[in-house]
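Structural characterization, general
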Amino acid sequence: MPRITFVTADGQEITADATPGLSLMETARAAAIPGILAECGGACSCSTCHVYVDPSWYDRLPAMKEMEADLLDFAWEPHPDRSRLSCQIDVSEDMDGLRVTLPAQQG
Amino acid sequence: MDPIAIVGAGQAGLALAAKLRSLGCETPIRLIGAETAPPYQRPPLSKKYMLGDMSRERLYLRPESFYPEAGIALATGAPVAAVEAAAKVLVLADGTRLACSAIALCTGAEPIRLPEAAGGGLNGVYTMRTLADAEAMAPEFRPGQRVLIVGGGYIGLEAAAVAAARGLQVTLVEMAPRLLARVACAETAEWFRALHARHGVDIRTATGLSELVGTGGRVRAARLSDGSELPVDFVIAGIGVRPSTALAEAAGLAVSNGIAVDALGQTSAPGIHAAGDCTSFPHRSGRIRLESVPHAIAQAETVAAAMLGQGAPYVARPWFWSDQYDVKLQIAGLNAGHDRVIRRPGEAPGSVSHWYFAGPALLAVDAMNNPRAYMTAKRLIETGRSPDPAALADVSVPLKALPLTQTEPA
């Protein structure tokens, strides 16, 4: 079972077991990670599950679709080379060790 | 210490319970739901879930292990029969009396049903609100089945999209002269009419349902206001919801288009708060009620803080979304009171946004496959700024370069 580390905006690290097939957002929600709002529940309709992906992982994740890129462009403090919407990343076995950092605010 | 009781285990109830805990509240919490499922997401019921693209477990907002870990005693299938406001006692349907230190009502809203006299009680007539509704209806979604959808609002249109995508023969009737009459401008309504027509949905506006006709207690036809009779296999009523206020009314709480609360979610009874779809609350110079997940979460979190004496007044930032076929609709703001609509084509083919203005002030936007327009408008509305309408209509002016004026206090 892949283990994923979420780093909160104030530096707290929480490592959670992930179920392959669920999204990164659902993983965070199941682990009650603070700072992921996911107001739309994973429909790629808001930008409140924004995360910064660890640079060593960014290129290893599934590519972004246009809708996600457009929403991220208007998210709170997006980073051009690290930002993703966690609802659009389905966790797979090879994501063991993935680290993402949460922004100081969502939306 | 007597527990804090949250009546209603939907999106608002769960958000309220979780927020109490994250704010450090150590009082026992009872989260009491009438439905048998643990708190779940409703929006996918009329979208992904009905398409068969999503498992039941993925609807759940938290794994069932969350509740004991968070110290939240979740009771499902446990309708509340009465609230004794002065004593802060809940009476459960089985007669159990529960003394509470505080009570929050998160009872949500319930779909309006077709009248019994019009055949609303026949088998094969459904509403689209709960997981139980969706599961009851699921076996009807077979290619070739003839479904009648009553109501051309967003729920009706989402149901039509799912049914058409699954190969059903879909007829949608709407009494008003056009779709989305209560919630969107004529431009948006026409855009969705054309979308559904392209997918083979038979849309009949200015057409009401006179009655449903059954055989052996099962619906088999619909008589429409134009005198025609339509054979049907099943029917979905999407004719709106009403706030679930019966408990509050019986308890003597003030009710006005929802359980009336102040900006901190306080009802007219001391020690009793309310949040979510069931409430009406102060907004700008008036009082509104919202049917939306983001509102339910945000108001519930405000109320949780208020119950701990930390509340800041709730300011609604309304937004909504809908998925139909390959179209994502995002709505920012509330369009009530608009006097004109500016259309702005998006960059991608088939993407467009409709911007609602009252005088110079931007009120709302409907964005179809156009998240950039939606996000831009949402930021502007939340900060009280409005774009110049002429520049907005000119696609050569980029969204980020629109001339802005402050039209509401920021």
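Residues numbered from 1 in each chain as written. Chains lettered and ligands numbered in written order. Predicted model: local features only at pLDDT ≥ 70, side-chain atom pairs only at ≥ 80, totals over all residues. Heavy atoms only, no water.

Some details on the pattern of salt bridges
- One pass over the full model with this rule turns up 23 salt bridges over all chains.
- Here D323 of chain B ties to K328 of chain B by a salt bridge, and the two come within 2.7 Å at their closest N and O atoms.
- A single salt-bridge network, built from bridges that share partners, covers D70 and D73 of chain A together with R372 and K400 of chain B. (Salt bridge = Lys/Arg side-chain N within 4 Å of Asp/Glu carboxyl O.)

Describing the environment of R60 of chain A
- Counting through the fold element by element, R60 of chain A comes out in the loop between α2 (55–58) and α3 (66–73).
- Only 3.5 Å separates the side chain of R60 of chain A from the backbone oxygen of S56 of chain A, close enough to count as a polar contact. (Helix = DSSP H or I, 4+ residues; strand = E, 2+ residues; numbered from the N terminus. Polar contact = N/O pair within 3.5 Å; in protein donor to acceptor, adjacent residues only side chain to side chain.)

Some points on the domain arrangement of chain B
- In terms of domain boundaries, chain B breaks down into domain 1 (4–110 + 242–307), domain 2 (113–239) and domain 3 (326–406).
- The gap between the C-alpha centroids of domain 1 of chain B and domain 3 of chain B is 33 Å. (Domains from an automatic or database assignment.)

Things to note about the packing of α3 of chain A against helix α10 (residues 371–382) of chain B
- Where α3 of chain A contacts α10 of chain B, the two axes come as close as 8 Å, and the packing angle between them is 20°. One element, α3 of chain A, and the other, α10 of chain B, form an angle in the roughly parallel class. Between α3 of chain A and α10 of chain B lies a crossing whose hand is right-handed. Packed against α3 of chain A, whose contacting residues are M67, D70, L71 and D73 of chain A, the element α10 of chain B presents P371, R372 and M375 of chain B at the interface. (Axes fitted to C-alpha atoms, helices over the stretch in contact; angles between N-to-C directions. Parallel < 35°, antiparallel > 145°, perpendicular 65-115°, else oblique. Left-handed = near helix turned anticlockwise from the far one by under 90°. Contact = heavy atoms within 4.5 Å.)

Regarding the interface of chain B and chain A
- The interface of chain B with chain A comprises 24 residues on the first partner and 25 residues on the second.
- Ranking the residues of chain B by area buried against chain A places R58, R372 and M375 of chain B at the top, with a combined share of 26%.
- Run the count over chain B and chain A and you get 4 salt bridges.
- Note that R58 of chain B is salt-bridged to E26 of chain A, the shortest N-O span being 2.5 Å.
- The tally of links from chain B across to chain A stands at 9 residue pairs in polar contact (both at pLDDT 80 or more).
- Elements that contribute at least two residues to the side of chain B that touches chain A include exactly α9 (293–307), β22 (319–324), β23 (327–333) and α10 of chain B.
- Tallying contributions element by element places α10 of chain B first for the side of chain B that touches chain A, with 6 residues. (Buried area = accessible area lost by both parts, 1.4 Å probe.)

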